[in-house]
Amino acid sequence: MQTPRTKIVDVLQLEPPRAGVRVKGWARTVRDSKQVVFIELNDGSCFASLQVVVNPELANYEQLRKLTTGSAVEVVGEVIASPAAGQRVELKATEVSVIGLADSTFPLQKKRHSFEFLRDIAHLRARTNTFGAVFRVRSALAQAVHEFFQQRGFVYVHTPIITGSDAEGAGEMFRVTTLDVNKPPRTPEGAVDWHEDFFAHSSFLTVSGQLNGEAFALGLSDIYTFGPTFRAENSNTSRHAAEFWMIEPEMAWCDLDDDATLAEAFVKHLMRTALERCADDLAFFNKQIDPGLVARLQHVLESNFERMSYTEAVRRLETSGQKFEFPVHWGANLQAEHERYLTETLVGRPVFVTDYPTEIKAFYMRRNDDGKTVAAMDLLVPKIGELIGGSQREERLDVLMQAIRSMGLNPEHYGWYLDTRRFGTAPHAGFGLGFERLVMYVTGMENIRDVIPFPRTPRNCEF
RNA sequence: UCCGACAUAGCUCAGUCGGUAGAGCAGCGGACUGUUAAUCCGCGGGUCGUAGGUUCAAGUCCUACUGUCGGAGCCA
């Protein structure tokens, strides 16, 4: 029987000498000569590659001299202490099989490529140092999200991907239909008759699981969602995608303060996880992508997050003497430049800005007693600005209905949502975190297209 | 969607005053070496994003379109 494969992450931990070790991976580089061939083998299990040393005694030595970058290879050999600098151990091959040769058109070279070029070959990006690291970190963070909430007894709720509600209020939606777009059924008036569609009415891809999440929190107390969401906005930026993943906890018996406390613990758990479990990958990002990254994450982990009302934040910005492209004034949304100046310069650490003007926030946020603001919070962090947005929700039926009407919305579209306030309503709060923005923050990557395996953006749905 | 920049070899780029295409790397062939994004010698590789226009002549100037990038808006 064959010896089982050992992943390279484990091979690199072995104490040499150790014979009969089998590894499988892809050649990152091959250096050949008459006397010896060196293969850098990577299987994605860790950042580092394993140096395989091939001597001319092997029967297929001449074939191996032609081995190309990108080829899939299986090696059996002895792990020995490396006689040369550059690696602690290496694998002295006794048997090398070429499983899948990459021909000379393999586009990845032994040099740095631009991220723009790599996006065109997204199906091969996982073979690179940077993207291997990005997606290992992304996976570790996803695991950490579940860990955090599960440890606190939160119930993971799978909110629907397809929704019949076009009133989630978070942006343009993708329509889901099985009708023939060239020949849709018509009403007598000539409009498309959506009653003939699969769900017997209009349906869309979800833009947020929050409203469903609230319904489940008012029954299970603490819940969270973590899943894909979709926005059909024509946003052409490095921070927006049409398909992205969102994390939305929702807690009953919880006010805005509790909400912020949870968000702070959550962010710190994620930072700690990344620093502890992805040290090699983060060291790479810190060196090649974003100098200062590790120190910044460490700083967030060790800071007490500031809390400051919107009114106070505007006052501090107005009196700071700093010139902004867009002036600050009470009642306007904080611009990205304001948010960053606040957290980076005025406060110097992460800051929750709370209690925003009613007019600039969503209908479901709880009205404060001052009649001017709602119990909303944004968590601002150095370098990127807003990382988390949340609020205490309006649990009072009459106030909520009034809010819906005053924003020009129709309460009839919110039937089941309003039921939750009709039957045993209770105070509750929650927040939302865009998972890709988190991955960007932790890796230092600056384009959302480079932290999703196969990004969907306007005019781009390849792969 | 708005503003700006850019589009030349597989990749990253240069190309001056408008005169008919260059480098490095990669690839291929060879040499050499316990190598480390190895090194050395040689070779092949281009409808200059697309469509028009100006001109004796356009990679170069003009217009439109498409795409990419950066910023803004929207937002996560």
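Provided above is the structure to which this section pertains.
Residues numbered from 1 in each chain as written. Chains lettered and ligands numbered in written order. Predicted model: local features only at pLDDT ≥ 70, side-chain atom pairs only at ≥ 80, totals over all residues. Heavy atoms only, no water.

Colleague: If you had to explain the overall build of chain A to someone new, which residues and values would you point to?
Modeller: A count of helical and extended segments in chain A gives 13 helices and 16 strands. Its C-alpha atoms give chain A principal-axis dimensions of about 85 × 60 × 45 Å. Per-residue burial over chain A gives 50% buried out of 463 residues. Within chain A, counting contacts between residues at least 6 apart in sequence, those at least 24 apart form 67% of the total. (Helix = DSSP H or I, 4+ residues; strand = E, 2+ residues; numbered from the N terminus. Buried < 20%, exposed > 50% of the residue type's maximum accessible area, 1.4 Å probe, protein only. Contact = heavy atoms within 4.5 Å.)

Colleague: Residues and numbers for the sheet that holds strand β10 (residues 222–230), please.
Modeller: Read from one edge of the open sheet, eight strands run β6-β10-β11-β16-β15-β14-β13-β12, paired in mixed fashion. Across the chains shown, the open sheet's two edge strands, defined by having one partner strand only, are β6 (155–156) and β12 (306–309). Sheet topology note: the β12/strand β13 (residues 351–357) ladder contains four bridges and is parallel. Bridging across to β13, E306 finds its partner in V351. Sheet contacts for helix α5 (residues 210–220): β6, β10, β11 (243–252) and β16 (428–434); angle to β11, the most-contacted strand, approximately 30 degrees. Packing against the sheet, helix α9 (residues 310–318) makes contact with β12 and β13, and its axis sits at approximately 90 degrees to β12. (Pairing = 2+ DSSP bridges. Axes fitted to C-alpha atoms, helices over the stretch in contact; angles between N-to-C directions.)

Colleague: Explain the protein's contact with RNA strand B to me, using residue names and the numbers behind them.
Modeller: The full set close to RNA strand B counts 47 residues, and S33, A85, N234, Q335 and R437 are the nearest of them. In RNA strand B, the atoms that sit within 4 Å of the protein are 46% sugar and phosphate, with bases accounting for the remainder. The separation between a sugar or linking oxygen of RNA strand B and a polar side-chain atom of R231 is 3.1 Å. S235 places a polar side-chain atom, nitrogen or oxygen, 2.7 Å from a base oxygen of RNA strand B. For the surface near RNA strand B, the elements supplying multiple residues, two or more each, are β1 (18–32), β2 (37–42), β3 (50–54), α3 (115–120) and β11. In terms of residue class, the surface near RNA strand B is made up of 10 nonpolar, 19 polar and 18 charged. (Near = heavy atom within 4 Å. Polar contact = N/O pair within 3.5 Å; in protein donor to acceptor, adjacent residues only side chain to side chain. Nonpolar A, V, L, I, M, F, W, Y, C, P; charged D, E, K, R; others polar.)

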